[in-house]
Amino acid sequence: RMAAEKAAQEASPGPPILGNDLLYLVGRFLFLPGYTVTPRTKMTGKDRGAILTHRVDERTVWRGGVGVAAQITAMPAQAFLKARCEVLRCVIACLSGPLFQSTDEYQESPPTMLSRFCGGQVAYTANLFCSLMATAFSYDPVGWGVPYAGYFQGEQDEEVVDLALQVLCVVLDFDPGEAAEGEASPGDGAEDAAEASPGNGVEKTRGEEVKEYLVDNSVLQATSHGIGFRNSSRLEDLDSTRTALWGSSVRGEEEDGWLKTPDGFFLPLAIQGKPVLLPKAPKDEKRKMRNVYRHMLQNISRDVEIDLVFSGLVRMLNTMHQATQTYLPNSRRSVGFYQEALVLLWHLLTLNPAFTKRVVDHCDTNQILMSVLYLLQQAHGQPHLVGLLHTASFVLLVLSSERSFGVRLNESYSGKVPLSIPAFSGCYADVVSLTLHKVISDSLPKSANDALVEMLLTVLCNISPYVKCFALESCLKLLSLIERCSRPAYIFRSAFTHHGLVFLVEVINNIIQYQFEGNSMLVYSVLRQKEVFERLAELKLPAPGSRRGRASSAASDQQTPRADEASPGDAQDPLNTWQPDDAWLAVVKRKLPLQAILCMFEYLGPMVQGMCTEGDVSDQDAVLKYLRQTTMVGILPVPHPIVIRTYQASSYTSMWFTSYMWGVLFTRSQRMPLYDWKKIRLVVINS
């Protein structure tokens, strides 16, 4: 036996055999009769049966609801909760290898124990996934809605749920990426797509070696979207219309410290002595890995299972604001694992289309929306919660790309979620716009927040074609954002800040084109800000003498943010050589959808002005009544197609989520320190 094990170990590129045995035994302990479970049927002698890995064993699964029927015989669990907690802690410790690697090391060579555990080579893999999901999302932190009932829930019940969510976050975060495409399900076209993709590593073009490079920001830590292409091998020869985004791939050949792309542009291999372009290994040299946990999550498709998961998420996240709204002091308490629950919601929305479709079409997404908005606002302005701020923003971005989600925002809002927004009478769309306005408005002055601002404005842009009526308060806030973002000092701050202005103008354009009849208040507000849009239509480059303010702001923008405030996709070119020119301005003006807005000014402006002058009208209600009775049919240009933008995965954002998740797990493990913080390299620890 020992000789056979040694031969298998030498032939396998996997971890040492002791690591294999450890993971196998941990899997056994999680479902060991008399230690962590009470079998539902006899499991001794001839009835013991095989140890299942890729199928659920209903005799030992902790709870029904996911993967097995919810009506399965209940298993007495109280006697085993402590043992389950200890084994789950052991699982997390075994899989914590990423904490002790740099981002480059993790991406190139993930820990072997994590790869093996997620590869489905451990006992009871399917059992563990279904048990963790059912245990976590069946948990009731409120206690049937009775005041103080949550305190009578066993402490170990909550601890098991906490650890279950942490294990799920760890295993679902691990993404083998492109290396696993070859192991996709038959018939999904993954292999064909990989073979057909240009530039799989290294190829020969015209006798030269063309390599593929990763645009990497892990060493430079710049506050930018990416690296600007150059027209030649000189730093100052910047092409302001093209950028290689962080986390993307570029192809070309090396020339004296520069990468020359096939279309003749140049990118520096290093900036300030720090590498920013890393050669990628050919795909056939990468180890082929898979993650069966992500595969199982992607295949949750039964309505009853999706409803169980969604209702569990709503209960967990709602405790955060419900705990602050009690009449009796401390009669409800919030859960401590809300960040893990939000990360799991993110994975469900991005990995499982069936979950997303079911939730937005048949569930009340406004419930989860209120919790996400509350967490977003609580995290805003808190440096230690910047990860939560961006995760909530990502969740909103994905939800806003669904039509049914946008339509449901028209439901009347009568809730009492403690958000710092003006009092209003309107719908859930007003809650979204007022909440996001506060975060965006506070974030505009700092260029390090440009990526966050752009993402939140994208959310507003996505929902705008479906909102039937904005409240007065929302209209005023939207127009105030447009006025601020249209100032030359903001537009010309960098090559990318105009993106937010484009999204804001598109919001107004969508409403005029698709929801004119119900949004007379917004139309009136736009008419009153006519000069702002006219200035945009006549936008010109600033005179050379007026760039002093922009230059000073650019200098301050170049400061690198602290490590604990890092966020995905911040916003300045680290070389700070960009200057606006006519070509860049022409591109910006083409992107601004002003045609319908200017057409409305031309038609409605004189009519409203004449009505006010001739009829001596000074009452706002009279103008609004007139706007409700008029129509722009036949006046406006043909409506443009509705453009919806959503999250596009990249290695950079995936690595950011990995760092954020492990940062949360490390921070929450400090009551009984599990890791030596001096050896952690994935995240920066401020001692």
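About the criteria used
- Residues numbered from 1 in each chain as written.
- Predicted model: local features only at pLDDT ≥ 70, side-chain atom pairs only at ≥ 80, totals over all residues.
- Heavy atoms only, no water.
- Helix = DSSP H or I, 4+ residues; strand = E, 2+ residues; numbered from the N terminus.
- Buried < 20%, exposed > 50% of the residue type's maximum accessible area, 1.4 Å probe, protein only.
- Areas by Shrake-Rupley, 256 points an atom, 1.4 Å probe, with all protein chains shown as cover.
- Phe/Tyr/Trp six-rings, centres within 6.5 Å; stacked < 30°, edge-to-face > 60°.
- Expected span 1.5 Å × (residues − 1).
- Patch = residues over 30% accessible without salt bridge, like charges linked within 9 Å, V, L, I, M, F, W, Y side chains within 5 Å.
- Salt bridge = Lys/Arg side-chain N within 4 Å of Asp/Glu carboxyl O.
- pLDDT = per-residue confidence, 0-100.
- Contact = heavy atoms within 4.5 Å.
- Core = buried A, V, L, I, M, F, W, Y, C linked by side-chain atoms within 4.5 Å.
- Polar contact = N/O pair within 3.5 Å; in protein donor to acceptor, adjacent residues only side chain to side chain.
- Pairing = 2+ DSSP bridges.
- Axes fitted to C-alpha atoms, helices over the stretch in contact; angles between N-to-C directions.
- Parallel < 35°, antiparallel > 145°, perpendicular 65-115°, else oblique.
- Left-handed = near helix turned anticlockwise from the far one by under 90°.
- Nonpolar A, V, L, I, M, F, W, Y, C, P; charged D, E, K, R; others polar.
- Disulfide = S-S within 2.5 Å.

Visitor: I'm lost on the overall build of the protein in this one. Help?
Guide: Looking only at helices and strands, the protein has 27 helices and ten strands in total. Expressed as a percentage of the 687 residues in the protein, the buried residues total 52%. Carbon and sulfur atoms provide 53% of the accessible area of the protein, an area that totals close to 31,300 Å².

Visitor: Just to check I follow, could you spell out the packing of aromatic side chains for this structure?
Guide: Both the distance between ring centres and the angle between the ring planes are used here to describe each pair of aromatic rings. Tallied over the full model, the rule gives 20 aromatic pairs. Seen from their ring centres, Phe117 and Tyr293 are 5.8 Å apart, and the 10° between their planes marks the pair as stacked. One end of the pair, Phe117, is in helix α5 (residues 112-118); the other, Tyr293, is in helix α9 (residues 292-298), and 176 residues separate them in sequence. With respect to class, Phe117 is no different from Tyr293; both count as buried. Considering the side-chain rings of Trp346 and Phe657, the 4.8 Å spacing of their centres and the 15° angle between planes classify their relative orientation as stacked. A residue pair is termed long-range when its members are at least 10 positions apart, and Trp346 in helix α11 (residues 338-351) and Phe657 in helix α27 (residues 651-668) qualify at 311 residues.

Visitor: Which parts of the structure should I look at to understand helix α16 (residues 428-443)?
Guide: For an α-helix, the turn length of 3.6 residues means that residues three or four places apart are oriented alike. Taking 1.5 Å as the rise per residue, α16 with 16 residues should run 22 Å; its terminal C-alpha atoms sit 23 Å apart, in good agreement. In terms of burial, α16 is a largely internal element, 14 of the 16 residues being buried.

Visitor: Sorry, what's going on with a nonpolar patch on the surface here?
Guide: A cluster of nonpolar side chains, contributed by Tyr24, Leu25, Phe29, Tyr35 and Ile51, occupies part of the molecular surface with about 420 Å² of accessible area. You can see Phe29 is positioned in helix α2 (residues 17-29).

Visitor: How should the pattern of salt bridges be read in this particular structure?
Guide: Oppositely charged side chains can form a pair if their charged atoms are brought close together. All chains considered together, the criterion is met by 20 salt bridges. When the shortest N-O distance is used, the salt bridge between Glu305 and Arg302 registers 3.0 Å. A relative accessible area of 41% places Arg302 in the partly exposed class. A salt bridge links Lys438 to Asp442; the shortest N-O distance between them is 3.9 Å. Separated by four residues within a single helix, Lys438 and Asp442 lie in helix α16, roughly one turn from each other. Asp442 gets classed as partly exposed once you look at its relative accessible area, which sits at 42%.

Visitor: What's the story with the confidence of the model for the protein in this structure? I'm lost.
Guide: Detailed reading of predicted coordinates is not advised where the pLDDT is low. Considering every residue of the protein, the mean pLDDT works out to 83; 83% of them sit at 70 or more. Segment residues 178-208: pLDDT under 50, and 43 contacts once partners within four positions in sequence are set aside and those in other chains are kept. Low pLDDT, under 50, characterises residues 547-566; the predicted model gives this stretch 30 contacts beyond four residues in sequence or across chains.

Visitor: Can you help me understand the nonpolar core in this one?
Guide: What tends to happen in soluble globular proteins is that the nonpolar side chains get buried as a cluster. The biggest cluster of nonpolar side chains holds 190 residues, and the ones touching the most others in it are Tyr293, Leu345, Phe355, Leu436 and Met600. The dominant element in this core, judged by the number of residues it contributes, is helix α7 (residues 155-173), at eleven residues. Look past the residues within four positions of Met600 in its chain and what remains in contact with it is Ile512, Phe516, Val523, Val526, Leu527, Gly605, Met632 and Leu636. By size, the runner-up hydrophobic cluster in this structure holds 16 residues, among which are Tyr213, Phe229, Trp246 and Val276.

Visitor: Looking at this model, I keep getting lost on the side chain of Thr60. Mind explaining?
Guide: Tracing the sequence through the fold places Thr60 in the loop between α2 and α3 (81-94). Thr60 gets classed as buried once you look at its relative accessible area, which sits at 0%. Those residues within four positions of Thr60 in sequence are excluded, and the remaining contacts are Phe31, Val37, Arg40, Met43, Met75, Tyr124 and Asn127.

Visitor: Looking at this structure, I do not really get the environment of Asn410. What am I missing?
Guide: Structurally, Asn410 can be placed in the loop between α15 (403-408) and α16. Taking the C-alpha atoms as reference, Asn410 lies 6.3 Å from Ala429; in sequence the two are 19 residues apart. Of the polar contacts made by the side chain of Asn410, one reaches the backbone oxygen of Val407; its length is 3.1 Å. There is a polar contact of 2.7 Å between the side chain of Asn410 and the backbone oxygen of Tyr466.

Visitor: How should the pairing of strand β3 (residues 226-230) be read in this particular structure?
Guide: When a strand is regular, its side chains alternate between the sheet's two faces. Here β3 lies mainly inside the structure; five of its five residues are buried. Bridge count for β3 against strand β4 (residues 238-245) is four bridges, and the pairing is antiparallel. The partner of Gly228 across the bridge, within β4, is Thr243.

Visitor: Is there a simple way to think about the packing of helix α25 (residues 595-614) against helix α26 (residues 620-629) in this case?
Guide: Each pair of packed helices gets described by two things: the angle between the helix axes and the distance between those axes. At a minimum axis distance of 11 Å, the contact between α25 and α26 shows a crossing angle of 140°. The angle between α25 and α26 falls in the class oblique. Note on packing geometry: the crossing formed by α25 with α26 is right-handed. Where α25 approaches α26, its residues Leu604, Met607, Val608, Met611 and Cys612 are matched on the opposing element by Ala622, Val623, Tyr626 and Leu627. Of the residues belonging to the contact of α25 with α26, the class tally is nine nonpolar, no polar and no charged.

Visitor: I keep staring at the packing of helix α14 (residues 386-400) against α27 and nothing clicks. Help me out?
Guide: Between α14 and α27, the least distance of the axes is 11 Å, while the angle of their chain directions is 130°. It follows that α14 is oblique to α27 by the angle criterion. Considering how the two elements wind past one another, α14 and α27 form a crossing that is left-handed. Contact residues: Gly387, Leu388, His390, Thr391 and Phe394 in α14; Thr653, Trp656, Phe657 and Tyr660 in α27. Partitioned by chemical class, the residues of the contact of α14 with α27 number five nonpolar, four polar and no charged.

Visitor: Would you take a moment to explain the environment of Arg487 for this structure?
Guide: Topologically, Arg487 is positioned in the loop between α18 (472-485) and α19 (488-491). A sequence separation of 48 residues divides Arg487 from Arg535, and the C-alpha atoms of the two residues are 9.4 Å apart.

Visitor: Just to check I follow, could you spell out the state of the cysteines for this structure?
Guide: Note on terminology: a disulfide is the covalent bond linking the sulfur atoms of two cysteines. Summed over the entire model, instances satisfying the criterion amount to zero disulfides. Cys469 provides the cysteine sulfur closest to Cys475, a residue in no disulfide bond, and the two sulfurs are 7.3 Å apart.

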